[in-house]
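# Fold and contact review
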Amino acid sequence: MSQQTTMQQVIITEPGGPEKLAYESVAIPVPKADEVLVKVHAFGINRPDILQRQGLYPMPAGVTPVPGLEVAGVVEAVGKDVTQFKVGDPVCGLTNGGGYAEYCVVPETQTLIVPEGVSLVQAAAIPETFFTVWANLFQMGKAKAGETVLIHGGTSGIGTTALMLCKALGIKTFATVGSDEKVAAIAHLTDAINYKTQDFESYITEKTDKSGIDVILDIVGAPYLERNLNLLRKDGRLVYLAFLGGRKAKEINLGHIMMKRLTITGSTMRARNTAEKHTIAEGLKQHVWPLLAKGECLPMIYQTFKFDQIQDAHAAMDTGEHVGKVVVEIL
């Protein structure tokens, strides 16, 4: 392990805007028996980080208040029970928080070797979105080749990841976005719809000859519920990741759910236990890591910032103009 004993990490001084992010010097964490200590080269910025900064993302008991859900770097030390990694390995990992730092501990089961040919900056943009998409769209939503999927928020980190994986796995997609510029930005991946100028339900109904959609991945919530249910085919699946437009729907036609045998589900990643995250990691290793090694489905990175620009990185996310991921480089 390095002779260095202290590190810089980012803290949220109080709920609010990007200006509430600050730096502090603390001791480098020591990995527990089942953890890996990563010398962080880069980390991704994600929507839960923004919500946490705003005071809108309740933290599970016992979890570090330091933000940051994904990192990439080099293994600096390993716990006594770790068998899959050694010092010097290039890795990326889904953290339990604490990723906005020069060093971060990650459970062994949530850590993966960076695929050959993938840079550490690219790898830093993988864990949170790929874990989330794999768990929700493919494990819970059961999306498979030959089906049709609708992704709301198509230019987000989650959206671009979902669209790339669907394309690689033979799944037709539609996506909603908020501008014509964003339509153009993902036109190579999907049939995108500007929801501000077009009604996505009418558009998709026409494009599918009224046959509809098999799976919908939704971050909007209540305002889209009725149209989502209208669009789903028999045995369709609606999977919620967030409720940016509201979480309480006033009225829905429950008959749609019964007559079409629909499934409505959803999840958050942070609330999952270590065993569940391990299962997701194994699914990624088996099905997605070979794609990344071939140069396919690499994360779309909108902008990178240096470690001392954390406020600027959050400000870039706050605009909502990003297409893909925002990443912070430390080294």
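Residues numbered from 1 in each chain as written. Predicted model: local features only at pLDDT ≥ 70, side-chain atom pairs only at ≥ 80, totals over all residues. Heavy atoms only, no water.

## Here's the deal with helix H6 (residues 200-207)
- By the burial criterion, the buried members of H6 are Phe200, Tyr203 and Ile204. Projected onto a plane normal to the axis of H6, the buried residues spread over an arc of 90 degrees and lie on a single side.
- Tucked inside the fold, the buried residues of H6 contact strand E8 (148-152), strand E9 (172-177), strand E10 (191-194), strand E11 (213-218) and helix H7 (225-231).
- Downstream of H6 by one or two residues, Asp209 has phi in the positive range, about 50 degrees. (Buried < 20%, exposed > 50% of the residue type's maximum accessible area, 1.4 Å probe, protein only. Helix = DSSP H or I, 4+ residues; strand = E, 2+ residues; numbered from the N terminus. Arc of directions from axis to C-beta. Contact = heavy atoms within 4.5 Å.)

## Quick notes on the environment of Phe305
- In this fold, Phe305 is placed in strand E14 (residues 301-306).
- Judged by its relative accessible area of 9%, Phe305 falls in the buried class.
- Placed 25 residues apart in sequence, Phe305 and Ile330 show a C-alpha to C-alpha distance of 8.8 Å.
- Sequence-distant contacts of Phe305, defined by excluding residues within four places in its chain, comprise Asp312, Ala313, Ala316, Val326, Val327, Val328 and Glu329.

## Concerning the environment of Leu56
- Note that Leu56 resides in the loop between helix H1 (47-53) and strand E4 (70-78).
- The class for Leu56 is exposed, based on a relative accessible area of 56%.
- A sequence separation of 40 residues divides Leu56 from Gly16, and the C-alpha atoms of the two residues are 9.9 Å apart.

## Notes on the UniProt feature "domain: Enoyl reductase (ER)" (unreviewed entry) in the protein chain
- Mapped onto the present numbering, the UniProt feature "domain: Enoyl reductase (ER)" (unreviewed entry) falls at residues 16-328.
- Between the first and last C-alpha atoms of residues 16-328 the distance is 20 Å; the span itself is 30% helix and 27% strand. (UniProt positions renumbered as here; feature names shortened; annotations may be inferred.)

## Regarding the pairing of E8
- Within E8, 5 of the 5 residues are buried, leaving the element largely enclosed by the surrounding structure.
- With burial as the criterion, each face of E8 is covered, one bearing Thr148, Leu150 and His152 and the other bearing Val149 and Ile151.
- Strand direction decides the pairing type here: E8 and E9, joined by 5 bridges, are parallel. The partner of Thr148 across the bridge, within E9, is Lys172.
- Regarding the hand of the β-α-β motif, the stretch spanning E8, helix H4 (residues 157-168) and E9 is right-handed.
- Here 3 bridges tie E8 to E11, and the two strands are oriented parallel to one another. (Pairing = 2+ DSSP bridges. Right-handed = clockwise from strand over helix to strand, strands pointing away.)

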